[in-house]
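Breakdown of the fold
As a plain string of letters, each chain reads:
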Amino acid sequence: MPIDIGLTDAQREKSVEALRKLFAETYALYSKTHGYHWNVTGPNFNGLHTMFEGQYNELWAALDEIAERIRALGHFAPTSPGALMDLASIKPDNAIPDSQDMVANLAKGHEAVSRAAKEGLKIAADNGDDVTADLMTQRATIAEKTAWMLRVSI
Ligand SMILES: [Fe+2]
């Protein structure tokens, strides 16, 4: 059945491209945060292990929201981890960082998510896609709040 939500094919395509970029950054940050939850060491173990758990759960829920927005725009959700990691600016670590570097890396990761969301917000708003713009705004808001909490934890 054809899709008729007041956006042209080209408009939907542009929104989906921005959503894919946000999905990739969110996916890369989710993977990093869950790994840190498992591998963190040091005197702050309990606090950081618990804080990282809250963050990876929130990022996982966000992936579902972003993927389902892509579906609502008539496109398929990304499923290849390799393609997502290629698209993301957030890269895996070569070794296990110490706890302070973990916190700093996650703060930078949330800042990267915020930049992707705000870039996507501009694209969606210029495109007349208010629903995607709203999702981008929500993701930037949470990313910036989380980045703040991480920055002051070091
Ligand atoms: Fe766990």
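Just so it is clear, the structure is predicted and the values come from calculations on it, not from any experiment.

Here is what the cut-offs are and how they apply
Throughout this description, residue numbers start from 1 for each chain and increase along the sequence as written. In keeping with the model being predicted, local features are shown solely for residues with a pLDDT of at least 70 and side-chain atom pairs are shown and tallied solely at 80 or more, while totals for entire chains, interfaces and linings include all residues. Under the DSSP-based scheme used, a helix requires at least four consecutive residues in state H or I and a strand at least two consecutive residues in state E, with every element numbered from the N terminus. A helix is expected to span 1.5 Å for every residue after the first. With C-beta atoms placed from the backbone, a residue is buried if 20 or more other C-beta atoms are within 10 Å of its own, exposed if 12 or fewer are, and partly exposed between those counts. Here, residue contact means that the backbone-derived C-beta atoms of the two residues sit within 7 Å. Lines are fitted to the C-alpha atoms to define the axes, a helix being fitted only along its stretch in contact, and any angle between axes, read from their N-to-C directions, falls within 0 to 180 degrees. Reported orientations rely on four angle classes, namely roughly parallel under 35 degrees, roughly antiparallel over 145, roughly perpendicular from 65 to 115, and oblique for the rest. Helix crossings fall into two classes, left-handed where the near helix is turned counterclockwise from the far one by less than a right angle and right-handed where it is turned clockwise.

Attention now goes to helix H2 (residues 45-72). Compared with an ideal rise of 1.5 Å per residue, which puts 28 residues at 40 Å, H2 spans 41 Å between its outermost C-alpha atoms and is within 8% of the ideal. Here H2 has its buried residues at Leu48, Met51, Phe52, Gln55, Leu59, Ala62, Ile66, Arg69 and Ile70. Tucked inside the fold, the buried residues of H2 contact helix H1 (9-39), helix H4 (99-126) and helix H5 (130-151). Count one or two residues on from H2 and you reach Gly74, which has phi positive near 90 degrees.

The subject of this paragraph is the environment of Met136. Residue placement: Met136 occurs in helix H5. When the 28 C-beta atoms within 10 Å are taken as the criterion, Met136 is described as buried. Sequence separation of Met136 and Ala18 is 118 residues, and the distance between their C-alpha atoms is 9.3 Å. Sequence-distant contacts of Met136, that is, excluding residues within four places in its chain, are made with Leu22, Ala117, Gly120, Leu121 and Ala124.

With that out of the way, let us pick up the packing of H2 against H5. Direction vectors running N to C along H2 and H5 enclose 165 degrees, while the axes themselves pass 11 Å from each other. The pairing of H2 with H5 is recorded here as roughly antiparallel in orientation. The two elements H2 and H5 cross, and the hand of that crossing is left-handed. Here H2 contributes Gln55, Glu58, Ala62, Glu65 and Arg69 to the contact with H5, which in turn contributes Thr132, Leu135, Arg139, Ile142 and Thr146.

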